[in-house]
Amino acid sequence: MVDTVTTQVLIDGARNYSVRLTNISDGTGEADPGVKKIDKSTLVGGAGTEPDSLTLLEADWSIQGFEAVRLSWDRTSDVTSMVMAGDDYRNLTKHGGMKDTGTGGTGDVLLTTIGTAVADDTYDITLHFKKKG
């Protein structure tokens, strides 16, 4: 058996992209270097082409059982955007959002569960991004 995961696109516009990610674990979790949750090359920005990067504006999450979940951008040296645990919400717009500051790689969004996974551990995460370029 494998973790039961879903990715539900909520908004995919010229400037904004929102997604809901869920997982019900079988005890394996999602290991390093991370599981691709958003393939940036499939997105279309305002210029009608792949955006240069994604900026995280808001995150809303409920993590149950997993120690934490790490969200990062796939770069030559991956860039961690956030480590989430428990139940919380972050609005990062006041400070311009959490920017992808890395170079090289793809800029895809990766997710890694942290700690030893146990059957029926779950996460439910909603992310809101701004497409740049």
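Before reading on, note that the structure itself is shown above.
Residues numbered from 1 in each chain as written. Predicted model: local features only at pLDDT ≥ 70, side-chain atom pairs only at ≥ 80, totals over all residues. Heavy atoms only, no water.

Novice: Quick rundown of the sheet that holds strand S9 (residues 122-132)? Include the residues and the values.
Specialist: Strand order in this open sheet of five strands is S1-S2-S9-S4-S7, and the pairing throughout is antiparallel. Where the open sheet ends on each side, the last strands, each with one partner, are strand S1 (4-12) and strand S7 (87-91). Taking each pair of neighbouring strands and ignoring which way they run, the sheet shows an average axis angle of 15°. Relative to S7, strand S4 (residues 53-64) runs antiparallel, the two sharing five bridges. Residue pairing in the sheet places Ala59 in a bridge with Arg90 of S7. (Pairing = 2+ DSSP bridges. Helix = DSSP H or I, 4+ residues; strand = E, 2+ residues; numbered from the N terminus. Axes fitted to C-alpha atoms, helices over the stretch in contact; angles between N-to-C directions.)

Novice: Summarise unusual backbone geometry; cite the residues concerned and give the values.
Specialist: A cis amide bond links Asp32 with the next residue in sequence, Pro33, at an omega value of 10°. With respect to the element layout, Pro33 can be found in the loop between strand S2 (16-24) and strand S3 (35-38). Unlike most non-glycine residues, Asp120 shows phi in positive territory, near 75°. Position of Asp120 relative to the elements: it lies in the loop between strand S8 (109-114) and S9.

Novice: Explain the packing of aromatic side chains to me, using residue names and the numbers behind them.
Specialist: Going through the model one piece at a time under the given rule, you end up with one aromatic pair. Aromatic pair Phe66 and Tyr123: ring centres 6.1 Å apart, planes at 45°, arrangement tilted. Pair noted here: Phe66 is in the loop between S4 and strand S5 (68-73) and Tyr123 is in strand S9, with a separation of 57 residues, a long-range link. Judged by its relative accessible area of 5%, Phe66 falls in the buried class. For Tyr123, a relative accessible area of 2% translates into the label buried. (Phe/Tyr/Trp six-rings, centres within 6.5 Å; stacked < 30°, edge-to-face > 60°. Buried < 20%, exposed > 50% of the residue type's maximum accessible area, 1.4 Å probe, protein only.)

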